[in-house]
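# Structural characterization, general
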Amino acid sequence: MKKDLKKLLDLSKDDILLILNTAEKLKAEWKERRKHDFPPNKTLVMIFEKNSTRTRVSFEVTMTHLGGHAIFLSNADSQLGRGEPIKDTARVLSRYCDAIMIRTFGQDVVEELAEWSTVPVINGLTDFEHPCQLLADLMTIREHKGKLEGLKVCWIGDGNNVANSLIVGCLKSGMNVSAACPDGYTPDKQILDFAATVTDYSFELTNDPKIAAKDADVIFTDVWASMGQEEEMAKRQKAFAGYQVNEEILALANPKCMIQHCLPAHKGEEISEEVFEKHADEIFDEAENRLHVQKAVLYLLMKN
Ligand code: CP
Ligand code: NVA
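As the structure is a computational prediction, the values presented were derived from the model and not from experiment.

Secondary structure assignment for the protein yields 12 helices and nine strands. At 19 Å, the protein has a C-alpha radius of gyration in line with the 19 Å of a compact globule built from 304 residues. Its C-alpha atoms put the protein at 55 × 45 × 35 Å along the principal axes. In the protein, buried positions account for 57% of the 304 residues. Looking at the protein alone, contacts between residues at least 24 apart form 77% of all its contacts between residues at least 6 apart. As displayed, the protein offers around 12900 Å² of accessible surface, 50% of which is attributable to carbon and sulfur atoms. Between the averaged position of the 37 positive side-chain charges in the protein and that of its 48 negative side-chain charges there is a distance of 4 Å.

Next up, the structure:
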């Protein structure tokens, strides 16, 4: 593993499997209330420039389980909000803590923070990727289906940060991916360029959700307007009409198709209430696995 988890584009298939296998072991230990073999008193600083429920709580609880401590920093109450440069913040925080988690807008912020930090930096969501989310999703799919290799994963909706990570994480894990996104809302070019290099597994990009959903083993979706895009909501509601994951779409998929949603969900928009509630166990297993998979990431990056 490299020093940082900046994006799934940086990880190999072996890195992903190491994280998933470690997460599985740590989850089993935790379920049996066995102590994790991890040095005590480590500190994680968590920088949030956007809202969060799952990411904040799961990282903070993870540090408690590992016998360490997590510190929450937001723009409002740190010098970041008053313009202190990222490269200075990186050098200061590296003197105090053992790892830094950041949720921010530009991927360049994570890259710069990692470049100047001597401790591991973990991307807790940027506009470009949400790697921790996808690692939790892969863990959940593997738990439910017993494998990843060869499954067909379908994305319906915005080609956003979660879609970007999904395409990379699933293709690197040996899955076939189909994505249905409206014109103008397709995944980032860097991600499409990566997908074009993959020869062993298929990647299909369409603007027809019915084509993408055909025979899918897992269907994913996410909100139509991500954090920072709230003012585009009316325009996006028009563009995404017809991109709802509902019974009609699910009828085209494999009869045992799973549903994954990173949450929070806007039920009645990107997913119907009926489909959400029918698949709630899978979706909340996915939310739970954020805790286990991030614990694995911290375990692997902070152990020494
Ligand atoms: N899925 C996810 O990252 O949730 P939060 O925004 O609540 O952290
Ligand atoms: N795409 C969403 C994911 C939230 C967890 C966002 O960036 O707001």
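Let's pick the thread back up.
Right, let's get into the nonpolar core. Ranked by size, the top nonpolar core spans 57 residues in total, and within it I122 and L166 carry the most contacts. Every residue in contact with I122, bar those within four places of it in the chain, is listed here: L5, F59, I100, M101, I102, C132, V297, L298 and L301. Listed in part, the 23 residues of the second largest apolar core include I156, A180, A212 and I283.

What follows covers the sheet that holds strand 7 (residues 203-206). A sheet is described by the order of its strands in space; here five strands give the open sequence 7-6-5-8-9, paired in parallel fashion. Among the strands making up the open sheet, the edge pair consists of strand 7 and strand 9 (258-261). Between one strand axis and the next, the sheet turns through 20° on average, direction left out of account. Pairing of strand 5 (residues 152-156) with strand 8 (residues 218-221), which is carried by three bridges, proceeds in the parallel orientation. Each bridged residue has a counterpart across the sheet, and for V153 the counterpart in strand 8 is V218. Relative to the sheet, helix 6 (residues 161-172) contacts strand 5, strand 6 (176-180), strand 7 and strand 8, its axis offset from that of strand 5 by approximately 170°.

With that out of the way, let us pick up the pattern of salt bridges. For the coordinates displayed, the defined rule picks out 21 salt bridges. The closest approach of N and O atoms between K278 and E247, which form a salt bridge, is 3.4 Å. Here K278 is found in helix 11 (residues 273-278), whereas its partner E247 is found in helix 10 (residues 247-250), with 31 residues between them in sequence. Looking at K278, the relative accessible area reads 57%, which means it is exposed. A cluster of three or more residues bridged by salt bridges with shared partners is formed by K6, K7, D10 and E111.

Attention now moves to the site of ligand 1. Inspection of the region around ligand 1 gives S52, T53, R54, T55, R103, H130, Q133, C262, L263 and R290 as its neighbouring residues. Residue T55 places a side-chain N or O atom 2.6 Å away from an oxygen atom belonging to ligand 1. At 2.9 Å from a nitrogen atom of ligand 1 is found a main-chain nitrogen or oxygen belonging to C262. Protein contact buries 95% of the 260 Å² of open area that ligand 1 shows by itself. Spatially, ligand 1 is embedded in the largest pocket. Residues of the shell around ligand 1, tallied by class, amount to two nonpolar, five polar and three charged.

Here the focus is the site of ligand 2. As a structural note, the neighbourhood of ligand 2 is formed by L125, N160, N161, D222, S226, M227 and L263. One nitrogen or oxygen atom from the side chain of N161 is found 2.8 Å from an oxygen atom belonging to ligand 2. The contact in question runs from an oxygen atom of ligand 2 to an N or O atom on the backbone of M227, over 2.8 Å. One can see that ligand 2 is located within the largest pocket. In the shell around ligand 2, the residues fall into three nonpolar, three polar and one charged.

About the cut-offs
- Along each chain, residues carry numbers from 1 onward, in the same order as the chain's sequence is written.
- Following the order in which they are written, the chains are lettered starting with A and the ligands numbered starting with 1.
- Whole-chain, interface and lining totals are the exception, using all residues; otherwise, since this is a predicted model, local features are given only for residues with pLDDT of at least 70 and side-chain atom pairs are given and counted only at 80 or more.
- Just so you know, side-chain values use all the structure's heavy atoms and leave hydrogens and water out.
- Only DSSP runs of H or I with at least four residues qualify as helices, and only runs of E with at least two residues qualify as strands; both kinds are numbered from the N terminus onward.
- The atom set for the radius of gyration is the C-alpha atoms, and the globule formula is 2.2 Å times the number of residues raised to the power 0.38.
- Only protein chains enter the area calculation, which uses a 1.4 Å probe; residues under 20% of their type maximum are buried, those over 50% are exposed, and those in between are partly exposed.
- Any two residues having at least one pair of non-hydrogen atoms within 4.5 Å are treated as being in contact.
- Surface exposure here means Shrake-Rupley accessible area, sampled with a 1.4 Å probe, where a residue is shielded only by the protein chains that are shown.
- Counting rule for charge: Lys and Arg are taken as positive, Asp and Glu as negative, and neither His nor the chain ends is counted.
- To locate a charge, take NZ of a lysine, CZ of an arginine, CG of an aspartate or CD of a glutamate.
- As used here, the term nonpolar core means buried Ala, Val, Leu, Ile, Met, Phe, Trp, Tyr and Cys residues forming a set that is joined through side-chain atoms within 4.5 Å.
- Strand pairing is assigned whenever DSSP detects at least two bridges linking the two strands.
- Here an angle of 0 to 180 degrees is reported between the N-to-C directions of two axes, which are lines fitted to C-alpha atoms, with helices fitted over the stretch in contact.
- What counts as a salt bridge is simple: a side-chain nitrogen of Lys or Arg found within 4 Å of a carboxyl oxygen of Asp or Glu.
- Whether a residue is near a molecule or strand depends on its heavy atoms: it is near if one of them lies within 4 Å of it.
- Two N or O atoms form a polar contact when they lie within 3.5 Å of each other; inside protein one atom must be a possible hydrogen donor and the other a possible acceptor, and for residues adjacent in sequence the pair counts only when both atoms belong to side chains.
- Buried and open spaces are told apart on a 1 Å grid over the protein atoms alone, a cavity being a set of points where a 1.4 Å probe fits but cannot get out and a pocket being an open set with protein on both sides within 12 Å along at least five of seven lines. Residues with an atom within 4 Å of a point are the lining residues.
- To decide whether a molecule occupies a pocket or cavity, check its atoms: if more than half lie within 2 Å of the grid points, it is inside.
- Gly falls in the polar group here, along with every residue not listed as nonpolar (Ala, Val, Leu, Ile, Met, Phe, Trp, Tyr, Cys, Pro) or charged (Asp, Glu, Lys, Arg).

Nothing here speaks to function; it is geometry throughout.
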